[in-house]
Amino acid sequence: VTITTRLLVSHLSGIRHYEKDITKVKEEKEKANRALKLTKSHQDKEQKEGKGIEKTDCVKQKKEHDSETKSRNSKPGRNDKEFEQEEYYLKEKFESVIESLKIFKNDPLFFKPGDQFLYSTYGFTLLSAVVERASGQKFTDYMLKMFRDLDMLSTVLDDNEAMIYNRARCYIYNKKGRLVNAPYVDNSYKWAGGGFLSSVGDLLKFGNALLYSYQAGHFKNRNAKLLPGYLKADTVAMMWTPVPRTEVSWDRDGKYAMAWAVVEKKQQYGCCRQQRHYASHTGGAVGASSVLLILPEELDPGALAAWPVAPPRGVIVTIVCNMQSVALNSTALKIAREFEKEKRAQ
């Protein structure tokens with residue numbers, strides 16, 4: 001078989017994630033698909049039976065209230081099967097990304113590359129090895145230079161031995177439901193898939209750089225005052241284009257693109273539910289959770305020629321918390337929409 005870098009960045013490679021048993025992976029996917037079908041069927045039924053916008057709003061508010069109440073009354077990380085996988089807790093230090101390939105390089109593929117979607121941290125470990133060979137530099141050196149270019153000076157390797165200013169302590173709930181310190185792990189086996197430490201400020205810079213690159217080509221460059229984006233606009237557009245046969249666990253309306261989850265703009269019925277175009281990605285590690293969400297502004301073609309209107313135009317939300325298994329994407333999306341409403345009101 002052939003595995004391309006495009007398959008790797010869209011998690012279509014067939015390389016396993018932390019679970020080594022393909023039977024268990026299939027069972028979990030079937031459960032998730034059944035639950036998704038039931039949810040969609042219930043939503044369609046409600047939509048057809050709805051007799052007025054007041055009823056729809058009331059149902060929506062009740063659902064949101066019930067969801068938030070459930071979230072407040074439950075403790076994160078207590079029933080998360082994902083973090084039961086042993087390989088989350090590796091303590092071995094790997095000197096290079098090539099060396100870390102030994103963890104999975106002899107394991108069989110779960111499916112023919114391109115046929116199915118399976119989120120795989122190890123797919124990104126292989127991708128980091130490709131970057132290392134193509135660039136002729138250590139992957140970590142290559143990334144740290146890129147972070148410097150982006151002015152992300154607080155983004156560093158999650159190196160246990162290094163003295164890192166303001167590094168946060170991480171926490172989990174144990175089996176008894178008590179808050180305890182997260183166990184010691186060494187993330188050198190997965191730099192690309194979860195081995196960096198960052199801050200809210202740095203992630204906002206990263207989001208702004210991507211949004212600027214995405215929109216810069218749409219604005220008229222008067223007197224050469226508009227600098228080019230860090231990436232070409234077409235490159236970001238390609239990164240944010242949904243890929244067939246993919247799925248997203250944190251938003252069922254989304255598809256996976258190239259290392260990003262994307263929800264496309266969509267509205268089927270007048271005065272009904274709207275999907276806004278946005279790109280996001282969540283992060284989960286032992287003792288930590290995060291999200292970065294980018295909600296581009298729907299640009300008015302007439303305003304593009306007006307100066308000083310310039311990119312980036314939109315809302316960027318990032319949340320970083322030192323707690324394991326906290327679902328953050330829906331919260332980030334609600335925050336982004338509130339800021340967008342406020343901006344429109346002005």
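Refer to the structure printed above.
Residues numbered from 1 in each chain as written. Predicted model: local features only at pLDDT ≥ 70, side-chain atom pairs only at ≥ 80, totals over all residues. Heavy atoms only, no water.

*Asks:* Can you tell me about the overall build of the protein, naming the residues and giving the values?
*Replies:* The number of helices and strands found in the protein is 10 helices and nine strands. Residues classed as buried in the protein amount to 35% of the 346 residues present. In the protein, once contacts between residues fewer than 6 apart in sequence are set aside, the share between residues at least 24 apart is 67%. For the protein, the accessible area works out to roughly 21,400 Å², and carbon and sulfur atoms hold 52% of it. (Helix = DSSP H or I, 4+ residues; strand = E, 2+ residues; numbered from the N terminus. Buried < 20%, exposed > 50% of the residue type's maximum accessible area, 1.4 Å probe, protein only. Contact = heavy atoms within 4.5 Å. Areas by Shrake-Rupley, 256 points an atom, 1.4 Å probe, with all protein chains shown as cover.)

*Asks:* Residues and numbers for helix α10 (residues 329-345), please.
*Replies:* Each full turn of the α-helix corresponds to 3.6 residues, which orients residues three or four apart in the same direction. If you check α10, its first and last C-alpha atoms are 24 Å apart, about what 17 residues at 1.5 Å a residue would give, namely 24 Å. Those residues of α10 lying buried are Asn329, Ala332, Leu333, Ala336 and Glu340. Looking straight down α10, one finds that the buried residues subtend no more than 95 degrees of arc, so they occupy a single side. For α10, exposure combined with an orientation more than 90 degrees from the buried face picks out Lys341 and Ala345. (Expected span 1.5 Å × (residues − 1). Arc of directions from axis to C-beta.)

*Asks:* Summarise a nonpolar patch on the surface; cite the residues concerned and give the values.
*Replies:* On the surface, Val1, Ile3 and Leu109 cluster together to form a nonpolar patch covering roughly 260 Å² of accessible area. Relative to the assigned elements, Val1 resides in the segment before α1 (5-9). (Patch = residues over 30% accessible without salt bridge, like charges linked within 9 Å, V, L, I, M, F, W, Y side chains within 5 Å. Salt bridge = Lys/Arg side-chain N within 4 Å of Asp/Glu carboxyl O.)

*Asks:* Requested: an account of unusual backbone geometry, with residues and values cited.
*Replies:* Omega for the bond connecting Pro311 with Pro312 falls within 30 degrees of zero, at 0 degrees, which places this linkage in the cis form. Along the chain, the position of Pro312 falls in the loop between β8 (288-296) and β9 (314-321). Notably, Asp151 is not glycine yet its phi reads approximately 65 degrees, a positive angle. Note on Asp151: relative accessible area 39%, which makes it partly exposed.

*Asks:* Residues and numbers for the nonpolar core, please.
*Replies:* One finds Tyr122, Leu210, Trp240, Trp260 and Ile294 to be the most contacted residues of the largest nonpolar core, which totals 42 residues. Looking at this core, the elements with two or more residues in it are α1, α5 (121-135), α6 (139-149), α8 (200-216), α9 (233-239) and β8. Beyond its immediate chain neighbours, meaning those up to four positions away, Trp240 contacts Leu210, Tyr214, Ala257, Trp260, Val262, Ala279, Ile294 and Pro296. Formed by 15 residues, the second largest nonpolar core is a distinct cluster that contains Tyr278, Val317, Cys321 and Leu328. (Core = buried A, V, L, I, M, F, W, Y, C linked by side-chain atoms within 4.5 Å.)

*Asks:* Tell me about the pairing of β8, and name the residues and values.
*Replies:* Most of β8 sits out of view: seven of its nine residues are buried. Where strand β7 (residues 278-285) lies against β8, seven bridges are found, and the strand directions are antiparallel. Among the inter-strand pairings, Ala285 is bridged to a residue of β8, identified as Ala288. The hairpin turn running from β7 into β8, its antiparallel successor, is two residues long, and Gly287 in that turn takes a positive phi close to 85 degrees. Direction of pairing for β8 relative to β9: antiparallel, over a ladder of eight bridges. (Pairing = 2+ DSSP bridges.)

*Asks:* Account for the pattern of salt bridges, naming residues and giving values.
*Replies:* Applying the stated criterion across every chain, the model contains 16 salt bridges. Between Lys343 and Glu297 there is a salt bridge, with its nearest N and O atoms 3.0 Å apart. Residue Lys343 is located in helix α10, and its partner Glu297 is located in the loop between β8 and β9; the two are separated by 46 residues in the primary sequence. Note on Lys343: relative accessible area 40%, which makes it partly exposed. Taken together, the salt bridges that share partners define one network made up of Arg16, Lys20, Glu87 and Asp107.

*Asks:* An account of the packing of aromatic side chains is requested, with residue identities and associated values reported.
*Replies:* Under the counting rule described, the total for this entry stands at 12 aromatic pairs. Measuring from centroid to centroid gives 6.3 Å for Tyr119 and Tyr256, while their planes differ by 80 degrees, and the two rings are edge-to-face. Within this pair, whereas Tyr119 is found in the loop between α4 (97-100) and α5, its partner Tyr256 is found in strand β5 (residues 255-256), the two being separated by 137 residues in sequence. On the basis of relative accessible area, Tyr256 is assigned to the buried category, the value being 1%. (Phe/Tyr/Trp six-rings, centres within 6.5 Å; stacked < 30°, edge-to-face > 60°.)

*Asks:* Go over the environment of Leu118, please, and point to the residues and values.
*Replies:* Mapped onto the fold, Leu118 is located in the loop between α4 and α5. Sequence separation between Leu118 and Thr246 is 128 residues, and the spatial gap between their C-alpha atoms is 8.2 Å. Setting aside anything within four residues of it in sequence, one finds Leu118 in contact with His11, Ile15, Arg16, His17, Val25, Phe110 and Phe111.

*Asks:* Please set out a negative patch on the surface residue by residue, giving values where relevant.
*Replies:* A contiguous patch of negative charge, built from Asp21, Glu27, Glu28 and Glu30, is present on the exposed surface. Along the polypeptide, Glu28 turns up in helix α2 (residues 22-49). For Glu28, a relative accessible area of 41% translates into the label partly exposed. (Lys, Arg positive; Asp, Glu negative; His and termini not counted. Charge placed at Lys NZ, Arg CZ, Asp CG, Glu CD.)

*Asks:* Which residues make up the sheet that holds β7, and what are the values?
*Replies:* Strand order in the open sheet made by the five strands is β5-β6-β7-β8-β9, with antiparallel pairing throughout. On the outer flanks of this sheet lie β5 and β9, each paired with one strand and no other. With two bridges joining them, β5 and strand β6 (residues 261-263) adopt antiparallel strand pairing. Within the sheet, the bridge partner assigned to Lys255 lies in β6 and is Val262. Against the sheet, α8 contacts β8 and β9, and its axis sits at roughly 150 degrees relative to β9. Packing against the sheet, α10 makes contact with β7, β8 and β9, and its axis sits at approximately 145 degrees to β9. (Axes fitted to C-alpha atoms, helices over the stretch in contact; angles between N-to-C directions.)

These results come straight from atomic positions and should not be treated as a statement about function.
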